[in-house]
Amino acid sequence: AKRDGRSTYRFFEQSMDEELRDRAALEADLRKAIGEERLEPHYQPLVDMRDGHVYGFEVLARWNHPTRGWIRPDVFIPLAEQIGLISDLTWSLLRRACRDSRQWSDDIRLALNISPVQLKDPLLPNQILGILAEEGFAPTRLEIEVTETALVSDLKTAKAILSSLRSNGVRIALDDFGTGYSSLYHLRELKFDKVKIDRSFVQSMQTSSDSRKIVDAIVSLAKTLGLPTVAEGIEDKAVLDHLASIGCDFGQGFYLGRAMPAEAAVERLDPHDAG
Ligand code: C2E
Ligand code: CA
Ligand code: CA
Ligand code: CA
């Protein structure tokens, strides 16, 4: 038994070592990729539930690694945050998205994810507005998506940043609503333009009546507060129909379209919004 224990220990030691090396290599590759602006924006359609038209896209970062292939944002976003490069990544993505959007009509909006660590930086509004000005993209066409994690650590700074952006016309969406610790508190303390219902609730609406009740309650609460709702993670028609029937305003999900490169995204637009 003793020998078994020791070899198990050695096995762990070795694999931990490999894991660390692996991580260091990935980190170096990410540094390089961000430096060379090789991360790409992909675009997932945002749909107006009243008439089904695509009014905008959420910008989602994609990394095509030269040897490992596509790496998920769940992996490289936290890494970029840890090595202090999340802002570089975000700004390069925003610039590219503004340029891509020139092939769409002026009505099409972009929704950009802002990481919690970025909401600690009082210079954030100036950086965003500066890029928009340089790229000729109207602030009223941009929505930023923030999660509650961003608000808990320094509410005062986050509040100032968001209100400065809002006063310049940028809209703010509260992302992943329902998964945080004090969602209702944050709804009261800050001004949002939209509530984005977390996809974990929406995805399980078919199989769980509790999920359905929670989504119904979020939509009705948001209505009471005068806030539009977006449901993400719509994967089938039944869920879409239910959401439309309870008056959810906007939708996003694989059933309506996956994240795709700019050239493909243009195909999802109404003819008068494309080209
Ligand atoms: P998120 O902001 O909640 O983005 C929505 C995620 O849900 C995307 O995953 C999208 O592809 C996925 N999704 C949308 N509809 C469906 C559906 O019907 N079914 C399923 N199963 N999934 C659906 P993605 O692109 O893998 O991004 C994961 C997370 O990584 C994002 O979650 C966001 O937190 C983060 N992320 C992605 N791009 C960026 C970025 O540019 N900056 C920052 N800070 N975070 C980003
Ligand atoms: Ca988001
Ligand atoms: Ca989300
Ligand atoms: Ca998320």
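Predicted model only: the values in this text are computed from it and were never measured. (Residues numbered from 1 in each chain as written. Chains lettered and ligands numbered in written order. Predicted model: local features only at pLDDT ≥ 70, side-chain atom pairs only at ≥ 80, totals over all residues. Heavy atoms only, no water.)

So, about the site of ligand 1. What surrounds ligand 1 is a group of 21 residues, the closest being Arg62, Arg199, Gln203, Glu235 and Phe254. At 2.8 Å from an oxygen atom of ligand 1 is found a main-chain nitrogen or oxygen belonging to phenylalanine 254. Protein burial of ligand 1: of its 800 Å² of free accessible surface, 87% is covered by the chains. Among the elements of the structure, strand E2 (54–65), helix H2 (73–82), strand E6 (171–177) and helix H8 (199–203) are those that each provide at least two residues to the shell around ligand 1. Among the elements that take part in the shell around ligand 1, E2 stands out by supplying four residues, more than any other. (Near = heavy atom within 4 Å. Polar contact = N/O pair within 3.5 Å; in protein donor to acceptor, adjacent residues only side chain to side chain. Areas by Shrake-Rupley, 256 points an atom, 1.4 Å probe, with all protein chains shown as cover. Helix = DSSP H or I, 4+ residues; strand = E, 2+ residues; numbered from the N terminus.)

Now for the confidence of the model for the protein. Of all residues in the protein, 95% attain a pLDDT of 70 or more, and the chain-wide mean is 93. In the model output, the complex is listed with pTM 0.93 alongside ipTM 0.97. (pLDDT = per-residue confidence, 0-100.)

Bringing the coordination of the calcium ion (ligand 2) into the picture now. For the calcium ion (ligand 2), every protein donor is listed as Glu58 (OE), Asn113 (OD1), Glu145 (OE) and Asp175 (OD), and the spread of their distances is 2.1 to 2.4 Å. Within one chain, the residues serving as donors to the calcium ion (ligand 2) are arranged as E-x54-N-x31-E-x29-D. Between the calcium ion (ligand 2) and the calcium ion (ligand 3), a spacing of 4.0 Å is present, and a bridge between the two is formed by aspartate 175. One end of the pair, glutamate 145, is in strand E5 (residues 142–146); the other, aspartate 175, is in strand E6, with 30 residues separating them in the sequence. Each member of the pair, glutamate 145 as well as aspartate 175, is classed as buried. (Donors = N, O, S within 2.8 Å, 3.2 Å for Na, K, Ca; no water. Buried < 20%, exposed > 50% of the residue type's maximum accessible area, 1.4 Å probe, protein only.)

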